[in-house]
Amino acid sequence: QSVLTQPPSVSAAPGQKVTISCSGTSSNIGNNYLSWYQHVPGEAPRLLIFDNNKRQSWIPDRFSGSKSGTSATLSITGLQTGDEAVYYCGTWDNSLSAWVFGGGTKLTVL
Amino acid sequence: QGQVVQSGAEVKKPGASVRISCKVSRNIFNAYHIHWVRQVPGQGLEWLGVISPSRGSTGFPQNFQGRVTLTKDTSTATVYMELSRLTSHDTAIYFCARDAVASDPLTYGMDVWGRGTAVTVSS
């Protein structure tokens, strides 16, 4: 059971938009910065978004992040088949004194 | 620039320990904290701990304290993760990853990841 809650899977057609939610508490998302990671099995995870909504310089602007209170959202527009991966949210948890991740959301581009 | 390179796959018996290395680019070795994260098959990412190579200080989640040891070798710019008392549940891919911001660790996440080290625990 992950500290941060994500939907197990989402899917959409190429060119469409998808959103992935990440829910936590005041001990984690509510008072710390959130980051988002893309993980293709067999490869190294990639940091997409940090500081809630800032993209890594090489990440296209199709990817965006937002945060409100104890929840956050990753949005991907103009879906491509190459976006198929598992997406994780992560942040520091003040109560656990530990970095925590969501359970991951598998994106399927139909 | 800012690379981390991990050691190769390991096969261990239950009850044994495994030590994985993570060689860090010299130009960043003392600047950035290094995290360890694992992915058990079929499960999500799990944080195992963090080390400050410059100070040698470490931090662990409660469920891994006493079982994970993080060390560093400044002469080779390498950090090590040792996991003891292995069980089949420790079969996973283990990643080392650089903290994203040298001046403000444990805040912004991990921006450079190794390719992972597969550890299989089997009798």
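What you see is a predicted model, and the numbers here were worked out from it, not measured in a lab. (Residues numbered from 1 in each chain as written. Chains lettered and ligands numbered in written order. Predicted model: local features only at pLDDT ≥ 70, side-chain atom pairs only at ≥ 80, totals over all residues. Heavy atoms only, no water.)

Focus: the state of the cysteines
Counted under the stated rule, the structure contains two disulfides over all chains. One disulfide bridge connects A:Cys22 with A:Cys89, the sulfur atoms lying 2.1 Å from each other. Sign of the S-S torsion, about 80° for the bond between A:Cys22 and A:Cys89, identifies this disulfide as right-handed. Of the two residues, A:Cys22 is situated in strand E2 (residues 18-23) and A:Cys89 in strand E8 (residues 85-93); the sequence distance between them amounts to 67 residues. Just as A:Cys22 is buried, A:Cys89 falls in that class too. What pairs with B:Cys22 in a disulfide is B:Cys96, and their sulfur atoms sit 2.1 Å apart. Taking the torsion about the S-S bond as the criterion, the B:Cys22 to B:Cys96 disulfide, at about 75°, is right-handed. With B:Cys22 in strand E3 (residues 18-24) and B:Cys96 in strand E9 (residues 92-99), this residue pair connects regions lying 74 residues apart in the sequence. A single burial state applies to B:Cys22 and to B:Cys96, both of which are buried. (Disulfide = S-S within 2.5 Å. Helix = DSSP H or I, 4+ residues; strand = E, 2+ residues; numbered from the N terminus. Buried < 20%, exposed > 50% of the residue type's maximum accessible area, 1.4 Å probe, protein only.)

Considerations on the environment of B:Thr74
Residue and element names in this part refer to chain B. Here Thr-74 lies in the loop between strand E7 (68-73) and strand E8 (78-83). C-alpha of Thr-74 to C-alpha of Phe-29: the two residues are 45 residues apart in sequence and 8.0 Å apart in space. Setting aside anything within four residues of it in sequence, one finds Thr-74 in contact with Arg-26 and Phe-29. Reaching out from Thr-74, the side chain makes a polar contact with the side chain of Lys-72 at a distance of 3.3 Å. (Contact = heavy atoms within 4.5 Å. Polar contact = N/O pair within 3.5 Å; in protein donor to acceptor, adjacent residues only side chain to side chain.)

A few points about the layout of surface pockets
Taken as a whole, the largest pocket holds about 470 Å³ of empty space. In terms of lining residues, the largest pocket is bounded by 19 residues, among which A:Gln1, A:Val3, A:Val100, B:Glu46 and B:Asn63 are the most central. Secondary structure elements with two or more residues in the lining of the largest pocket: strand E9 (98-101) of chain A together with strand E5 (45-51) of chain B. The greatest single-element share of the lining of the largest pocket, amounting to four residues, is contributed by E9(A). (1 Å grid on protein atoms, 1.4 Å probe; cavity = no way out; pocket = protein on both sides within 12 Å on 5 of 7 lines; lining within 4 Å. Points joined across faces, edges and corners; volume = space filled by probe spheres on them.)

With respect to the nonpolar core
One finds B:Cys22, B:Ile34, B:Trp36, B:Met81, B:Leu83 and B:Tyr94 to be the most contacted residues of the largest nonpolar core, which totals 28 residues. Looking at this core, the elements with two or more residues in it are E3, strand E4 (34-39), E5, E7, E8, E9 and strand E11 (117-121) of chain B. Excluding anything up to four places from it in sequence, B:Leu83 contacts B:Ala16, B:Ser17, B:Val18, B:Arg38, B:Phe64, B:Arg67, B:Val68, B:Asp90 and B:Tyr94. Counting 23 residues, the second largest nonpolar core, distinct from the first, contains A:Ile29, A:Ile76, A:Leu79 and A:Val109. (Core = buried A, V, L, I, M, F, W, Y, C linked by side-chain atoms within 4.5 Å.)

Points about unusual backbone geometry
Here A:Ser97, not a glycine, exhibits a phi torsion of approximately 50°, which is positive. Mapped onto the elements, A:Ser97 comes out in the loop between E8 and E9. Take A:Ser97: its relative accessible area is 43%, and that puts it in the partly exposed class. You will see that B:Ala77, though not glycine, has its phi angle at about 55°, which is positive. Secondary-structure assignment places B:Ala77 in the loop between E7 and E8. Residue classification places B:Ala77 among the buried positions, given a relative accessible area of 1%.

No statement about biological role is implied by the geometric values presented.
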